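Architecture and fold: a report
Residues per chain, in single letters:
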Amino acid sequence: SYYRAAVPAFRRAPSRSAFLLSPSLYYRPDVRGNHYARNLMWFDFGLPDVSPSNATAVAAAIGALERVFALVLLAEHFDESLVLLRHALCWPRDAVVAFAHNGRPEGSVRPLSRRETERLREWNALDWALYAHFNRSFWTKVAEFGPRRMREEVERLRRRREAMARRCLRGGGPLPAPSIPDGKLRPFQPGRGAAAVLGYALRADLGPADRERCERMATPELQYKDRLERKQFGGNGTTG
């Protein structure tokens, strides 16, 4: 849904189910943009193009990656990930208090069937190998950190996030994009209504210091990238 406009393989398929039933009908690896359609994590990490059936080559690539990255975060256990990250980098607690971005409205995502899940794992076999490996290593790190200590830290992090949401956000949580008047805080919406992405609007009564911090926490990643580029390079911070 999110990448449909940018990925020819997804545009050619009439539906997600159709794509998963026979992805090779729609996917051509040499077409610009189709790198989003298969093993994107493997691609983003810059790992070599190996056959998923070559277990030795896959294990070697993952081992090399693990020597570079001491910690790999899990999106669906992001709070636990942030706790481990904070301790690994010796950051203060508030450094990892953040609002979740790119969320979707409740009930707007059709769950995958068991067969669709199996087909996705087959199609993205390299990404699945990556995930399976770092999922195991992640929970090993949690065990070393201490499960009880982790639960306490996660609860503390969530309470602090909830407090900041009450302090910063109009309505105390995410809103549909049309309800966000400030364009700097309105998240990117994929074309043709493919996926509604939620964002945040700030309270009107914030003082200067609170507004600065709250705005940083509420800014979507594309606008935040522009902000960083303005700081680094000057100008308007936009790229073509």
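A brief report on the enclosed structure follows. (Residues numbered from 1 in each chain as written. Predicted model: local features only at pLDDT ≥ 70, side-chain atom pairs only at ≥ 80, totals over all residues. Heavy atoms only, no water.)

Here we look at the environment of Gly191
Defined as follows: The way it works is that DSSP assigns letters per residue, a run of H or I at least four long becomes a helix, a run of E at least two long becomes a strand, and they are numbered from the N terminus.
Within the secondary structure, Gly191 is located in the loop between α8 (147-168) and α9 (208-218). In the structure, Gly191 is positioned 182 residues away from Ala9 in sequence and 16 Å away in space, judged by C-alpha atoms.

Topic: unusual backbone geometry
The following threshold applies: Each residue is placed in one exposure class: buried if its accessible area under a 1.4 Å probe, protein chains only, is under 20% of its type's maximum, exposed if it is over 50%, and partly exposed if it falls in between.
Residues other than glycine seldom take positive phi values, yet Asn39 does so here, at roughly 50°. According to the relative accessible area criterion, Asn39 is buried, its value standing at 10%.

Considerations on the packing of helix α7 (residues 125-145) against α8
The condition that has to hold: Orientation is described by axes fitted as lines to C-alpha atoms, over the contacting stretch for helices, and by angles from 0 to 180 degrees between their N-to-C directions. Here the angle decides the label: under 35 degrees means roughly parallel, over 145 means roughly antiparallel, 65 to 115 means roughly perpendicular, and every other value means oblique. Residue contacts are counted whenever heavy atoms from the two residues lie within 4.5 Å of one another.
Packing of α7 against α8 leaves a shortest axis separation of 6 Å and a crossing angle of 95°. With respect to α8, the element α7 is oriented roughly perpendicular. For the pair α7 and α8, the contacting residues are Val142, Ala143 and Phe145 in the first and Pro147, Arg149, Met150 and Glu153 in the second.

Some remarks on the environment of His101
Which entries qualify depends on this criterion: Whenever a nitrogen or oxygen atom comes within 3.5 Å of another N or O atom, the pair is scored as a polar contact, on the condition that within protein one atom can donate a hydrogen and the other can accept it, and that pairs from neighbouring residues in sequence are kept only if both atoms are in side chains.
Topologically, His101 is positioned in the loop between α5 (78-89) and α6 (114-123). When the C-alpha positions of His101 and Gly199 are compared, they lie 6.7 Å apart, and in sequence the two are 98 residues distant. Excluding residues within four positions of it along the chain, His101 makes contact with Tyr200, Met217, Ala218, Thr219 and Pro220. In this structure the side chain of His101 is engaged in a polar contact, spanning 3.0 Å, whose partner is the backbone oxygen of Met217.

Points about the pattern of salt bridges
Where we set the bar: Salt bridges are counted wherever a side-chain nitrogen of Lys or Arg sits within 4 Å of a carboxyl oxygen of Asp or Glu.
Applying the stated criterion to the full structure yields 20 salt bridges. Put simply, Glu118 and Arg114 hold a salt bridge, and the shortest N to O gap is 3.7 Å. Of this pair, Glu118 and Arg114 are both found in helix α6, four residues apart, which corresponds to roughly one turn of the helix. You can call Glu118 partly exposed: its relative accessible area is 32%. Judged by its relative accessible area of 72%, Arg114 is exposed.

Some remarks on the nonpolar core
Under the convention used in this document: Buried Ala, Val, Leu, Ile, Met, Phe, Trp, Tyr and Cys residues form a nonpolar core when they are joined through side-chain atoms within 4.5 Å.
With 19 residues, the main nonpolar core has Phe99, Met164, Cys168, Leu169, Leu202 and Ala218 as its most contacted residues. Broken down by secondary-structure element, the contributors of at least two residues to this core are α8 and α9. In terms of residues, this core owes the most to one element, α8, which gives four residues. Judged by nonpolar contacts, the second largest core, of 12 residues, contains Trp42, Ile62, Leu130 and Phe134.

Quick word on the packing of α8 against α9
Stated formally: Handedness of a crossing is defined here by the sense of rotation of the near helix relative to the far one, left-handed for an anticlockwise turn of less than a right angle and right-handed for a clockwise turn. By the convention adopted, Pro, Cys, Tyr, Trp, Phe, Met, Ile, Leu, Val and Ala count as nonpolar, Lys, Arg, Asp and Glu as charged, and the other residues, Gly among them, as polar.
Close contact between α8 and α9 brings their axes to 10 Å; oriented N to C, the two are set at 115°. Classified by chirality, the crossing of α9 by α8 is left-handed. Between α8 and α9, the contacting residues are Arg160, Met164, Arg167 and Cys168 on the first element and Asp210, Arg213, Cys214 and Met217 on the second. Split by residue class, the contact of α8 with α9 holds four nonpolar, no polar and four charged.

Considering the packing of aromatic side chains
Keep this limit in mind: Stacked, tilted and edge-to-face pairs are distinguished by plane angle, under 30 degrees for stacked and over 60 for edge-to-face with tilted covering the rest, among Phe, Tyr and Trp rings (Trp via its six-membered ring) whose centres lie within 6.5 Å.
In this structure the tally under the stated criterion is 11 aromatic pairs. Each ring, one from Tyr2 and one from Tyr3, has its centre 5.3 Å from the other, and the planes form 75°; the classification is edge-to-face. Ring geometry for Tyr2 versus Phe188: centroids 5.7 Å apart, planes at 75°, classification edge-to-face. Within this pair, whereas Tyr2 is found in the segment before α1 (8-12), its partner Phe188 is found in the loop between α8 and α9, the two being separated by 186 residues in sequence.

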